[in-house]
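Architecture at a glance
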Amino acid sequence: MKKDEQIRMLLHPEDYTDEQLDQMLEEAHINVPDANEAWERFVSERRKTRREKFSLMKIAATFVGVLMLSGITYAAIHFIGGSSQKAQEPQTVITDSAQRPATKTQPADNNSTELKTVVYEDTELATILNDIAKFYQVETVYKQEDTKHIRLYFTWDKQLKLDDIIDLFNKFERFHITRENQKLIVE
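Quick caveat: nothing in here was measured; it's all calculated off a predicted structure.

**What to know about the sheet that holds strand E5 (residues 177-180)**
- An order of E3-E6-E5 is seen for the three strands of this open sheet, with the pairing classed as mixed. Pairing within the sheet leaves two strands with one partner each, and these edge strands are strand E3 (139-142) and E5. Averaged over neighbouring strand pairs, the angle between their axes works out to 25 degrees when direction is ignored.
- Against the sheet, helix H4 (residues 125-136) engages E3, E5 and strand E6 (183-186), with an angle of about 150 degrees to E3.
- Where helix H5 (residues 162-169) meets the sheet, its contacts fall on E5 and E6, and the angle it forms with E5 comes to roughly 155 degrees.

In structure tokens:
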């Protein structure tokens, strides 16, 4: 039988006798898969996929755990070690006065020969530079009046040289300080 005739028989079996249909089925040689074998193959593939997913999940969980532990360790070291570094390194931060309320500045004891650290919290640049200028016996000149009112958080280590302090201030982008002989020029 031809394939066209077999297709017609499949679509309209009511038009054919049982003998004709049986003859078509015998000639077709259709391979019927073994259901048990197919089911076993499906179950084994599913188990294999589950094992692979579980392995990937274990690797991901291990990675996340190590990452979290590293972060906690870093934070602890930074928190504990940061306290001792704050006393050693001068740190500066520019903030706008609207962000934090004004707080009291620790007064600089310029008459003393002690070289102690002075901390300025939310203090105007003019106040900080006046104290520094008195200590190093220099004059401060401002090119713009607005620059005097920039508020800073600044730690001044009196053991530093004046040029080192100027370099610290020049890391800010809102103003620039240059030194000409005994003058600090603030632009």
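Let us keep going from here.
**Focus on the packing of H4 against H5**
- Contact geometry of H4 with H5 gives a least axis separation of 12 Å together with a crossing angle of 165 degrees. Classified by the angle between their axes, H4 and H5 sit roughly antiparallel to one another. Handedness of the H4/H5 crossing: left-handed. Between H4, through Leu125, Ile128, Leu129, Ile132 and Tyr136, and H5, the contact on the second element is made entirely by Leu162, Ile165 and Phe169.
- Broken down by class, the residue content of the contact of H4 with H5 amounts to eight nonpolar, no polar and no charged.

**So, H4**
- Given a rise of 1.5 Å per residue, 12 residues ought to cover 16 Å, and the 16 Å separating the end C-alpha atoms of H4 matches this to within 8%.
- Of all 12 residues in H4, nine are buried, a share of seventy percent or more.
- Listed in full, the buried residues belonging to H4 are Leu125, Ala126, Ile128, Leu129, Asp131, Ile132, Ala133, Phe135 and Tyr136.
- Buried residues along H4 sit in contact with strand E2 (117-124), E3, strand E4 (151-157), H5, E5 and E6.
- The first or second residue beyond H4 is Gln137, which carries a positive phi of 55 degrees.

**Some thoughts on the pattern of salt bridges**
- Per the counting criterion, the structure on display carries four salt bridges.
- A salt bridge links Glu124 to Arg151; its shortest N-O distance comes to 3.7 Å. Linking Glu124 in strand E2 with Arg151 in strand E4, this pair joins segments that are 27 residues apart in sequence.
- A salt bridge links Asp163 to Arg179, with the shortest nitrogen-to-oxygen separation between them at 3.1 Å. Placement of Asp163 in helix H5 and of Arg179 in strand E5 is noted, with a sequence separation of 16 residues between them.
- Given the relative accessible area of 42%, Asp163 is considered partly exposed.
- When salt bridges with common partners are traced through the structure, they connect Asp122, Glu124 and Arg151 into a single cluster.

**Observations concerning the confidence of the model for the chain**
- On average, residues of the chain carry a pLDDT of 80, and 80% of them reach 70 or more.
- Element-level mean pLDDT values for the chain span from 46 in strand E1 (residues 92-94) up to 93 in E3.
- pLDDT under 50 marks residues 85-111. Its contacts with residues more than four places away, or in other chains, come to 52 contacts.

So, how was this worked out
Residues numbered from 1 in each chain as written. Predicted model: local features only at pLDDT ≥ 70, side-chain atom pairs only at ≥ 80, totals over all residues. Heavy atoms only, no water. Pairing = 2+ DSSP bridges. Helix = DSSP H or I, 4+ residues; strand = E, 2+ residues; numbered from the N terminus. Axes fitted to C-alpha atoms, helices over the stretch in contact; angles between N-to-C directions. Contact = heavy atoms within 4.5 Å. Parallel < 35°, antiparallel > 145°, perpendicular 65-115°, else oblique. Left-handed = near helix turned anticlockwise from the far one by under 90°. Nonpolar A, V, L, I, M, F, W, Y, C, P; charged D, E, K, R; others polar. Expected span 1.5 Å × (residues − 1). Buried < 20%, exposed > 50% of the residue type's maximum accessible area, 1.4 Å probe, protein only. Salt bridge = Lys/Arg side-chain N within 4 Å of Asp/Glu carboxyl O. pLDDT = per-residue confidence, 0-100.

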